[in-house]
Structure formats: structure tokens, C-alpha cells
Amino acid sequence: MQRKLINWLGLTGIISLISYVAAMVFAPSAFPGYDWMSQAVSDLSAETAPSKLLWNQLSAAYSVCNPVCVTCASIFVSDKKIGTKLFRTGVYLFAIMNWISAIGYKMFPLEDSGKEISTFQEKMHIVVTIAVVLLSIVSLIILIVAAFKKSGMKGIGIWAAIALGMMFVGAIGQKAVPPEYFGIVERFSVIAAVGFNAVLGIYLVNGFRSRN
């Protein structure tokens, strides 16, 4: 196929994933006492976190590339009428989720890492998180159903199922495991969305060509 600019912009999904993982791995080095096994990823970017500057530097590409990738994917599937209407709806909802995440967490970052949620800003952070989680689950379920109904789209359906499974591991695990392991299972959820966005980016580069 002859790739156009919108196809090449799918590479921003991969850049986004690399940037986010780099921030998640290296930002704790600027946060004395941070325990990745028990603390949430969002603690690293809290307003008072000593790792906030390093987090922002390492995740800069993620902040821009993540919404760019999913937006381009949405435009492409809409313009080319990729898959069924249900499939395209799943992509659109996943894009909306990413935009809510990109804007919401910038507007309402955690004020302090590792402390009890009490202020309006922190409560809004939780509201944004709930919206992001619900839209992620709904969009992925729609994509799974639509992909397995449409011949040649099963590949992306499998990836969506893997991402959804990781989210459930994170959501259930946070309640099931001891507090000292909270950070481990929480990372399943956060990586799932960023990872699936990278998958959409790869499919966009390839023009969403049908493949099982």
C-alpha cells in the first residue's frame, strides 16, 4: 500500500508507549523513598512529588503523541469506513477516553503523593479516573465484539481482549492483593491503555489492512 502522512502518524503510538514506559521506569529515581511495588504511577506526577519535573520531561512525548495517534486512527477508520459501524464506534470511544485522560489529568493532578484524597482537585482526579476506566472498558468490549464479527479483524480484537484482561487484572488486583503490592497490579491497568494505543498506531501505519 502507498502510505500517506496520516498512516505514518501511527508511529506516534509507539513513541507514546516508549515515552510513558521511560517515565514510569526512570522517574522513581528522582523520588527518594518511592516504592513502585506499593505506590501508584500517578504519585510520580503529583504536584508535590520531587519526581514531577523528571516525569514531565520523560513523558513529554507521551502527552502529545498519545492523543495524536488515536485521533489519526479515528479519522482514518471514519474516512476509509474501516470495519463495521460498531468497530468504528469503539475506536471513537477509545479516542474520547484518551482525550479525557490527556486534559483531565492536566487540569486535576494529584496535589500530594500517597496521601488520602480530600480536596476538590483530588476528588476530580478520581472522577477523571473513573471516566477513563469506564470508557476504556466499554470501548474495548465494543472493539472485541465488532472485530470478531468482521472477517479479517480478529487480530485487533485479540489485542483489545489482552488490553481488557490487563485492565481487569489491575482493577481486581488492587482490591485483592495486600497494599504493599498495589503498585504492581495498578501498572497492568495503566500500561493496557497506552499499549493498545500503540497497537492502533501500528494498524494505522499498515492502513488497517485485514488480517486474522
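Just so we're clear, the structure is a prediction, and the values are computed from it rather than from any experiment.

## Looking at helix H4 (residues 60-79)
For H4, with 20 residues, the first-to-last C-alpha span of 29 Å sits near the 28 Å given by 1.5 Å per residue. Regarding H4, the residues found buried are Tyr-62, Cys-65, Asn-66, Pro-67, Cys-69, Val-70, Cys-72, Ala-73, Ser-74, Phe-76 and Val-77. In the core, the buried residues of H4 are packed alongside helix H1 (5-8), helix H2 (11-26), helix H5 (85-107) and helix H8 (182-205). Just downstream of H4, Lys-81 is the residue with a positive phi angle, here 55°.

## Here's the deal with the environment of Ser-19
Counting through the fold element by element, Ser-19 comes out in helix H2. Sequence separation of Ser-19 and Ser-59 is 40 residues, and the distance between their C-alpha atoms is 5.2 Å. Once you skip the residues sitting within four places of it in the chain, Ser-19 turns out to touch Leu-58, Ser-59, Ala-60, Ala-61 and Tyr-62. A polar atom in the side chain of Ser-19 sits 3.1 Å from the backbone nitrogen of Tyr-62.

## Topic: a nonpolar patch on the surface
Taken together, Trp-8, Leu-11, Ile-14, Ile-18 and Ile-202 make up a surface patch of nonpolar side chains, about 460 Å² in accessible area. Here the nonpolar patch gets three residues from one element, more than from any other, and that element is H2. Structurally, the position occupied by Ile-18 is in helix H2.

## Focus: the packing of H2 against H8
Viewed as axis vectors pointing N to C, H2 and H8 meet at an angle of 155°, and their least axial separation amounts to 6 Å. Relative to H8, the element H2 lies roughly antiparallel. Regarding H2 and H8, the two cross each other, and that crossing is left-handed. Across from Leu-11, Gly-13, Ile-14, Ser-16, Leu-17, Tyr-20, Val-21 and Met-24 in H2, the residues of H8 making contact are Arg-187, Val-190, Ile-191, Val-194, Gly-195, Asn-197, Ala-198, Ile-202 and Val-205. Along the lines of polarity and charge, the residues of the contact of H2 with H8 split into 12 nonpolar, four polar and one charged.

## Digging into the side chain of Ser-51
Considering the arrangement of structural elements, one finds Ser-51 in the loop between H2 and helix H3 (52-58). What makes Ser-51 buried here is its relative accessible area of 0%. Apart from the residues lying within four places of it in its own chain, the contact partners of Ser-51 are Ala-27, Ala-30, Phe-31 and Leu-44.

## Describing the packing of aromatic side chains
Across all of its chains, the model carries seven aromatic pairs by this definition. Residue placement shows Arg-3 over the ring face of Trp-8; its charged tip is 5.5 Å from the ring centre.

## Examining the pattern of salt bridges
Proximity of charged atoms lets side chains of opposite charge pair with each other. For the structure shown, the criterion picks out two salt bridges. With a shortest N-O distance of 3.1 Å, Lys-52 and Glu-47 are connected by a salt bridge. What makes Lys-52 partly exposed here is its relative accessible area of 23%. On the basis of relative accessible area, Glu-47 is assigned to the partly exposed category, the value being 41%. Its salt-bridge partner being Glu-186, residue Arg-187 comes within 4.0 Å of it at the nearest N-O pair. For the pair Arg-187 and Glu-186, one class covers both residues: buried.

## Quick word on the nonpolar core
Ranked by size, the top nonpolar core spans 35 residues in total, and within it Phe-87, Leu-140, Ile-156, Phe-196 and Phe-208 carry the most contacts. Secondary-structure elements contributing two or more residues to this core are H4, H5, helix H6 (120-149), helix H7 (154-176) and H8. Among the elements that take part in this core, H6 stands out by supplying nine residues, more than any other. When near neighbours in sequence (up to four residues on either side) are disregarded, Phe-87 contacts Val-77, Ile-82, Leu-143, Ala-146, Met-153, Ile-156 and Phe-208. Counting residues in hydrophobic clusters, the runner-up holds 16 residues, among them Ala-27, Tyr-62, Val-190 and Ile-191.

## Quick notes on H8
The periodicity of an α-helix, 3.6 residues per turn, causes residues three or four places apart in sequence to face the same way. Look at H8: 36 Å from first C-alpha to last across 24 residues, which is about the 34 Å you get at 1.5 Å a residue. Taking burial as the measure, the 24 residues of H8 include 20 buried ones, the bulk of the element. One or two steps after H8, the chain reaches Gly-207, where phi turns positive at roughly 70°.

How each quantity is defined
- Residues numbered from 1 in each chain as written.
- Predicted model: local features only at pLDDT ≥ 70, side-chain atom pairs only at ≥ 80, totals over all residues.
- Heavy atoms only, no water.
- Helix = DSSP H or I, 4+ residues; strand = E, 2+ residues; numbered from the N terminus.
- Expected span 1.5 Å × (residues − 1).
- Buried < 20%, exposed > 50% of the residue type's maximum accessible area, 1.4 Å probe, protein only.
- Contact = heavy atoms within 4.5 Å.
- Polar contact = N/O pair within 3.5 Å; in protein donor to acceptor, adjacent residues only side chain to side chain.
- Patch = residues over 30% accessible without salt bridge, like charges linked within 9 Å, V, L, I, M, F, W, Y side chains within 5 Å.
- Areas by Shrake-Rupley, 256 points an atom, 1.4 Å probe, with all protein chains shown as cover.
- Salt bridge = Lys/Arg side-chain N within 4 Å of Asp/Glu carboxyl O.
- Axes fitted to C-alpha atoms, helices over the stretch in contact; angles between N-to-C directions.
- Parallel < 35°, antiparallel > 145°, perpendicular 65-115°, else oblique.
- Left-handed = near helix turned anticlockwise from the far one by under 90°.
- Nonpolar A, V, L, I, M, F, W, Y, C, P; charged D, E, K, R; others polar.
- Phe/Tyr/Trp six-rings, centres within 6.5 Å; stacked < 30°, edge-to-face > 60°.
- Lys NZ or Arg CZ within 6 Å of the ring centre and 35° of its normal.
- Core = buried A, V, L, I, M, F, W, Y, C linked by side-chain atoms within 4.5 Å.

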